[in-house]
Amino acid sequence: MNKFIANSGICSRREADEYIQAGLVTVNGEIVTELGVKITQNDDIRFNGERLRGEEKVYIVMNKPKDFVTTMSDPNAEKTVMDLVEGKCPQRVFPVGRLDKMTTGVLLLTNDGDLAEKLTHPSNMQRKIYHVFLDKNLSKADFDAILEGITLEDGPVNADALSYVDGDESQVGIEIHSGRNRIVRRIFEHLDYKIKKLDRVYFAGLTKKNLRRGQWRFLTDQEAAMLKMGAYE
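Per-chain numbering applies: the sequence of each chain, read as written, is numbered from 1 onward. The model is predicted, so local features are restricted to residues of pLDDT at least 70 and side-chain atom pairs to those at 80 or more, both for listing and for counting; the totals for chains, interfaces and linings are taken over all residues. Side-chain figures throughout are based on the complete set of non-hydrogen atoms in the structure, without hydrogens or water.

Caption draft 1: Representation of the overall build of the chain in the model. Looking only at helices and strands, the chain has seven helices and 14 strands in total. When the backbone C-alpha atoms are referred to their principal axes, the chain occupies close to 70 × 40 × 35 Å. Note on contacts: a residue pair qualifies if any of its non-hydrogen atoms lie within 4.5 Å across the two residues. Considering only residue pairs separated by 6 or more positions, the chain has 62% of its internal contacts joining residues 24 or more positions apart. Accessible areas in this description were obtained via Shrake-Rupley with a 1.4 Å probe; residue shielding takes into account the shown protein chains only. Accessible surface, the chain as shown: approximately 12,900 Å² in total, 46% of it carbon and sulfur. Both charge centroids of the chain, one from 34 positive and one from 36 negative side chains, sit 3 Å from each other. Where helices and strands are cited, they refer to DSSP runs of H or I of at least four residues and of E of at least two residues respectively, numbered from the N terminus. Under the counting rule used here, the positive set is Lys and Arg, the negative set is Asp and Glu, and His together with the chain ends is not counted. Charge placement uses NZ in Lys and CZ in Arg. For Asp and Glu, CG and CD serve respectively.

Caption draft 2: Fine view of the confidence of the model for the chain. This prediction gives the chain a mean pLDDT of 88; 95% of its residues lie at or above 70. In the model of the chain, helix α1 (residues 2–7) stands out as the element of lowest mean pLDDT, 79, in contrast to strand β14 (residues 216–218), which has the highest, 97. Looking at any residue, its pLDDT shows the predictor's confidence there, from 0 to 100.

Caption draft 3: Structural view of the pairing of strand β7 (residues 104–110). Summarising burial for β7: seven of the seven residues are buried, a large majority. Strand pairing is assigned whenever DSSP detects at least two bridges linking the two strands. Relative to β7, strand β5 (residues 59–64) runs antiparallel, the two sharing six bridges. Counterpart to V61 in the pairing with β7 is L108. Sheet analysis places β7 next to strand β13 (residues 195–203), joined by two bridges and oriented parallel. Pairing of T104 across the sheet is with D199, part of β13. Each residue gets one of three labels from its accessible area relative to the maximum for its type: buried under 20%, exposed over 50%, partly exposed in between, using a 1.4 Å probe on protein chains only.

Caption draft 4: Fine view of the packing of helix α4 (residues 113–120) against helix α7 (residues 221–229). To get an axis, a line is fitted to the C-alpha atoms, and for a helix only the part in contact is used. The angle between two axes follows their N-to-C directions and goes from 0 to 180 degrees. It is at 10 Å that the axes of α4 and α7 come closest, and there the two elements cross at 50°. As summarised for this structure, α4 and α7 are arranged oblique, according to the angle between their axes. For the crossing formed where α4 meets α7, the hand is left-handed. Across from L115, K118 and L119 in α4, the residues of α7 making contact are L227, K228 and M229. Orientation categories follow fixed angle ranges, with anything under 35 degrees roughly parallel, anything over 145 roughly antiparallel, 65 to 115 roughly perpendicular, and all other angles oblique. In this scheme the handedness of a crossing depends on how the near helix is turned from the far one: anticlockwise by less than a right angle means left-handed, clockwise means right-handed.

Shown next as structure tokens:
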């Protein structure tokens, strides 16, 4: 039931639990204070007397600009990606996964909790491609090492594909499935390179085509269906 309430755009699932325990939610006219109650589409769910309807699922692809954090809210951050959609999307959406403050590029936002969990669960290992700008040329030895695998403090990791960009050996495209935190930055830092700029150009079938920095758009029904089916992987 907390999931249904959250999907109605009222609050988060954790807050929904608090409202349920406070006796503010009724199911078919009866107050329910027990957590974990299962409901059906035909049930009459009300919050403070107002009937709730499961919110329409929406999917947004954004070209994240730098200096924005990917959290719902952060009292220590000047700007979050939610500021870019505020007032323009009636549904309550949230970012799927994290891009750090200085990383730009493809970011998915949605109110589909099941899909978000699927895309971010380590076992699914979604395909991601980054354009990396380094402070110096990437040597052939280090290029080969990244493909073969290196060992970081939290275990081994390797790139699925790696290439120089337009003949410039200080720029590389890296394809990786690992969802570990800051994994791309840590790979290059481990080999004594500094990343000047990091741009995610592909995530789970999504690109930032025709989107300027800070712009976003709703996915089409077909794109959303493909994303949910995992057809791009």
